[in-house]
Structures are given as C-alpha cells and as structure tokens.
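If you want the building blocks of each chain, they are given just below.
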Amino acid sequence: MNEVEFDRAFSHFLDDARCERATGIMFELIRDAFAAGWKAAMDSDLKQVIDAGRR
C-alpha cells in the first residue's frame, strides 16, 4: 500500500460511523477519568496546596 492509498483508506476509516461512535466513547471515558481525578484532587489536601499557590 502506497502513501496515497493509505491516506485514502485512513480518510474513509475516519469518516465511518463506527469510528465516530468509538471516538465519542473514548472522549467520554477520558473526560470522566479527568473529572474523577479533578474531583478527588479538589476533595483532598491538594486543594489547599493549589489554593495557597494562587494567593
């Protein structure tokens, strides 16, 4: 497979509805993991450190 064929196949893959769904699910998982970490940090002693650094 040459570069042009690869680019064409990859573009087709990215335009596929299954890729869209998978990308959406991955985004939700990453966002949820970040939100959980953020909440854990803000409910811990780390929040005091972050707040102290802002003063």
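Quick notes on the rules
Residues numbered from 1 in each chain as written. Predicted model: local features only at pLDDT ≥ 70, side-chain atom pairs only at ≥ 80, totals over all residues. Heavy atoms only, no water. Helix = DSSP H or I, 4+ residues; strand = E, 2+ residues; numbered from the N terminus. Expected span 1.5 Å × (residues − 1). Polar contact = N/O pair within 3.5 Å; in protein donor to acceptor, adjacent residues only side chain to side chain. Salt bridge = Lys/Arg side-chain N within 4 Å of Asp/Glu carboxyl O. Buried < 20%, exposed > 50% of the residue type's maximum accessible area, 1.4 Å probe, protein only.

K.L.:
Which parts of the structure should I look at to understand helix H2 (residues 17-42)?
P.N.:
It helps to recall that an α-helix has 3.6 residues per turn; residues three or four apart then point in one direction. When the terminal C-alpha atoms of H2 are compared, their 37 Å separation across 26 residues agrees well with the 38 Å that a helix rising 1.5 Å per residue should span. A distance of 2.9 Å separates the backbone nitrogen of Arg18 from a side-chain oxygen at the start of H2, and that oxygen is part of Asp16.

K.L.:
Mind showing me how you'd approach the pattern of salt bridges here?
P.N.:
Oppositely charged side chains may form a pair once their charged atoms are brought near each other. Enumeration according to the criterion identifies two salt bridges in this entry. Linking Asp43 and Lys39 is a salt bridge whose minimum nitrogen-to-oxygen distance equals 2.6 Å. In this structure Asp43 comes out as exposed when scored by relative accessible area, which is 57%.

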